[in-house]
Amino acid sequence: MIYDYDVYNDLGDPDSNPELARPVLGGSKKYPYPRRCRTGRPRGKTDPRSERRSDTFYVPRDEEFSEEKEISFVIKTAYSVHMLLPSLGATLKDPDLGFPSFTKITQLYKEGIPIPKLKNQASVQILALRLVKAVCDAIDKQFETPAMLERQYKVGYEWPLKSALDPDVYGPPESAFTEELVEPEIKDFMTIGEALKQKKPFIIDYHDLLLPYVSKVRQIKGTTLYGSRALFFLTPDGTLKPIAIELTCPPMEGKPQWKQAFTPSLETVGLWLWRFAKAHFLAHDCGYHELVSHWLRTHCVTEPYIIATNRQLSVMHPIYRLLHPHCCYAMKINAFARQALINADGIIENSFSPGKYCMELCSMAYDQQWRFDREALPADLINRGIAVEDRTAPHGLKLMIEDYPFANNGLMLWDALKQWVADYVNYYYKDSSMVRSDTELQAWWTEIRTKGHEDKKDEPWWPVLKTPEGIIGTIITIVWVASAHHSAVNFGQYAFAGYFPNRPSIARTNMPCEDPTEERWKRFLDNPGSELLACFPSQIQATKSYGYSTCVIKSFSG
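One structure accompanies this document, and this report is about it. (Residues numbered from 1 in each chain as written. Predicted model: local features only at pLDDT ≥ 70, side-chain atom pairs only at ≥ 80, totals over all residues. Heavy atoms only, no water.)

Quick notes on the nonpolar core
In this structure, Tyr 33, Trp 295, Leu 296, Leu 381, Trp 444 and Met 511 are the most contacted members of the largest nonpolar core, which totals 128 residues. Looking at this core, the element that brings in the most residues is helix H10 (residues 268–300), giving 15 residues. Ignoring any residue separated from it by four or fewer positions in sequence, one finds Leu 381 in contact with Ile 386, Ala 387, Leu 397, Leu 399, Tyr 404, Ala 407 and Leu 411. Among the nonpolar cores identified, the runner-up in size contains 14 residues, and Trp 159, Met 190, Phe 233 and Ala 244 belong to it. (Core = buried A, V, L, I, M, F, W, Y, C linked by side-chain atoms within 4.5 Å. Buried < 20%, exposed > 50% of the residue type's maximum accessible area, 1.4 Å probe, protein only. Helix = DSSP H or I, 4+ residues; strand = E, 2+ residues; numbered from the N terminus. Contact = heavy atoms within 4.5 Å.)

Focus: the packing of aromatic side chains
Overall, the coordinates contain 28 aromatic pairs when judged by the stated rule. Ring centres of Tyr 8 and Trp 295 lie 6.4 Å apart, and the angle between their planes is 85°; this geometry places the pair in the edge-to-face category. Placement of the pair is Tyr 8 in the loop between strand S1 (5–6) and strand S2 (36–37) and Trp 295 in helix H10, with a sequence separation of 287 residues. Each member of the pair, Tyr 8 as well as Trp 295, carries the same accessibility label: buried. Sitting above the plane of the Tyr 226 ring, Arg 218 keeps its charged end 4.7 Å from the centroid. One residue, Lys 456, lies across the ring of Tyr 366, its end atom 5.1 Å from the ring centre. (Phe/Tyr/Trp six-rings, centres within 6.5 Å; stacked < 30°, edge-to-face > 60°. Lys NZ or Arg CZ within 6 Å of the ring centre and 35° of its normal.)

So, the layout of surface pockets
Volume-wise, the second largest pocket comes out at about 550 Å³. Taken together, 20 residues line the second largest pocket, and the ones lying closest to its centre are Ile 220, Lys 221, Asp 345, Glu 349 and Asn 350. Taken together, the elements giving at least two residues each to the lining of the second largest pocket come down to helix H14 (347–351) and helix H23 (539–555). The element that contributes the greatest number of residues to the lining of the second largest pocket is H23, accounting for 3 residues. Partitioning the lining of the second largest pocket into residue classes produces 5 nonpolar, 6 polar and 9 charged. (1 Å grid on protein atoms, 1.4 Å probe; cavity = no way out; pocket = protein on both sides within 12 Å on 5 of 7 lines; lining within 4 Å. Points joined across faces, edges and corners; volume = space filled by probe spheres on them. Nonpolar A, V, L, I, M, F, W, Y, C, P; charged D, E, K, R; others polar.)

Quick look at the environment of Leu 196
Within the secondary structure layout, Leu 196 lies in helix H7 (residues 192–197). Using a relative accessible area of 29% as the deciding quantity, one classes Leu 196 as partly exposed. Measuring from C-alpha to C-alpha, the distance between Leu 196 and Glu 158 comes to 9.4 Å, with 38 residues separating the pair along the chain. Contacts of Leu 196, omitting those with residues within four sequence positions, involve Trp 159 and Pro 201.

Overview of the pattern of salt bridges
Within the structure shown, the criterion is met by 28 salt bridges. When the shortest N-O distance is used, the salt bridge between Lys 221 and Asp 96 registers 3.4 Å. Residue Lys 221 is found in the loop between helix H9 (214–217) and strand S4 (227–234), and its partner Asp 96 is found in the loop between helix H2 (73–91) and helix H3 (102–111); the two are separated by 125 residues along the sequence. Among the charged side chains, a salt-bridge network with shared partners connects Asp 6, Asp 10, Arg 36, Arg 41, Glu 51 and Arg 338. (Salt bridge = Lys/Arg side-chain N within 4 Å of Asp/Glu carboxyl O.)

Examining empty space enclosed by the protein
A full pass over the atoms with the stated rule returns 9 cavities of 30 Å³ or more. Each pocket or cavity is described by its volume, and for the second largest cavity that value is around 120 Å³. For the lining of the second largest cavity, the element with the highest residue contribution is helix H11 (residues 303–312), accounting for 3 residues. Of the residues that constitute the lining of the second largest cavity, the class distribution is 6 nonpolar, 3 polar and 2 charged.

Some thoughts on H11
Residues three or four positions apart in an α-helix share a direction because the helix packs 3.6 residues into each turn. Across the 10 residues that make up H11, a large majority, 7, are buried. Turning to H11, its buried residues are Glu 303, Pro 304, Tyr 305, Ile 306, Ile 307, Ala 308 and Thr 309.

Shown next, in the form of structure tokens:
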């Protein structure tokens with residue numbers, strides 16, 4: 001068995017089609033990224049930096065599924081997706097074909113799409129049953145209901161908001177969220193000044209992360225993109241009230257920056273523009289959740305931990321035995337993702353807003369946002385301003401949003417894991433000298449930093465393993481990310497994203513009010529519902545994305 005490190009150089013396939021060339025992720029300042037397990041495949045002919053793709057993706061023997069796992073429903077379901085996609089392409093010959101009505105969307109869930117008979121029809125029937133269940137579980141949530149997954153809410157930001165991007169390239173940095181815009185939305189509660197003092201406004205901000213990709217993504221047929229952010233207000237009853245959504249397009253094609261904020265409205269045009277803005281923002285939120293919160297923060301960053309554990313710790317080492325159950329099958333699942341999900345022209349690229357730039361954007365998020373010391377749940381909540389330290393509060397933290405299941409339930413699990421890990425570590429490491437003299441442990445942690453996360457090896461925030469407390473903090477963070485955090489960002493997607501109008505994975509058309517032609521503005525005024533349906537994912541995109549959410553997300557639990 002070979003456990004070694006390599007960069008992500010097997011996502012593209014330029015040998016078969018130049019359009020499928022993708023940059024190597026990892027090993028450069030432009031595209032920093034965690035490392036994956038080396039496969040040893042030959043280099044490509046077109047791009048010698050990349051590996052040739054094949055039908056099988058090597059993982060060490062100990063990382064393969066067990067016999068029970070191999071024959072379980074999980075792998076059957078994943079294979080059914082593989083079999084289904086070519087048939088979908090044959091059935092839905094027009095990849096841009098949208099839905100003519102919301103009734104047709106519901107019909108898709110209830111009746112499915114007729115496809116040619118396949119060799120393993122039973123597996124596809126399993127998928128069809130799950131699609132029917134998706135509508136039963138999710139359709140009642142309706143399009144107007146905001147999803148509440150592990151969202152990247154932030155509080156404690158500077159007001160007024162400003163972009164940190166170069167204004168000479170991306171236009172004026174000032175946000176469209178002004179006091180004049182926000183005050184009428186919260187006037188029944190307090191002024192904007194009072195709200196800021198009491199830390200009542202919350203924001204989800206993808207503006208600076210997405211804006212550099214807007215011009216590139218807009219060159220892809222059938223999709224569009226904006227820099228975006230959404231503002232919420234914490235009401236006295238503890239619920240978050242949507243206040244506004246800001247969408248920005250940088251200067252391009254000789255046109256100046258376009259920027260506008262949208263608020264909830266009872267007036268017809270304003271109401272439909274709000275619905276369009278929500279569709280765009282939710283597509284961005286959906287893509288970020290899948291690429292960053294799910295793939296990057298739980299799957300991708302964990303693979304170096306597994307490689308180092310097998311390279312530097314013996315199977316009898318106490319830390320190996322502690323970590324092994326939490327990382328079981330993770331590398332095999334990651335290999336499957338590289339094979340069919342995050343690869344060039346894979347399900348993610350075809351169904352999510354950034355398109356072929358999905359993984360580039362993921363690399364940017366790793367560069368700008370990922371820090372090991374902030375992956376621990378308490379540190380994550382404090383960093384986002386969602387919680388403050390308070391020794392008198394449960395778990396030692398006071399939450400700014402009391403009704404926040406991810407934090408409430410997560411902190412209970414965190415404390416339980418912390419107690420278990422502390423008892424375990426303290427049994428084997430009685431004092432600091434035992435930690436410092438454990439050569440396997442020190443080599444393990446050094447390799448994770450300098451090899452597995454080599455592009456961030458010189459960052460000052462990496463913990464140092466000198467004391468039992470240092471081991472406890474490091475191990476619980478790894479265990480939390482691989483288990484409880486992954487469960488939070490993985491399984492909830494099935495319920496919230498199953499009915500895609502509630503959480504579209506992609507927005508295909510620009511806002512109707514962005515430099516509209518007279519013809520398009522008239523179409524919007526005459527039939528805004530049809531225009532919104534044209535913005536939603538196409539039939540084949542919707543089928544792929546909810547097939548992904550109902551099968552791969554729900555079943556591949558690791």
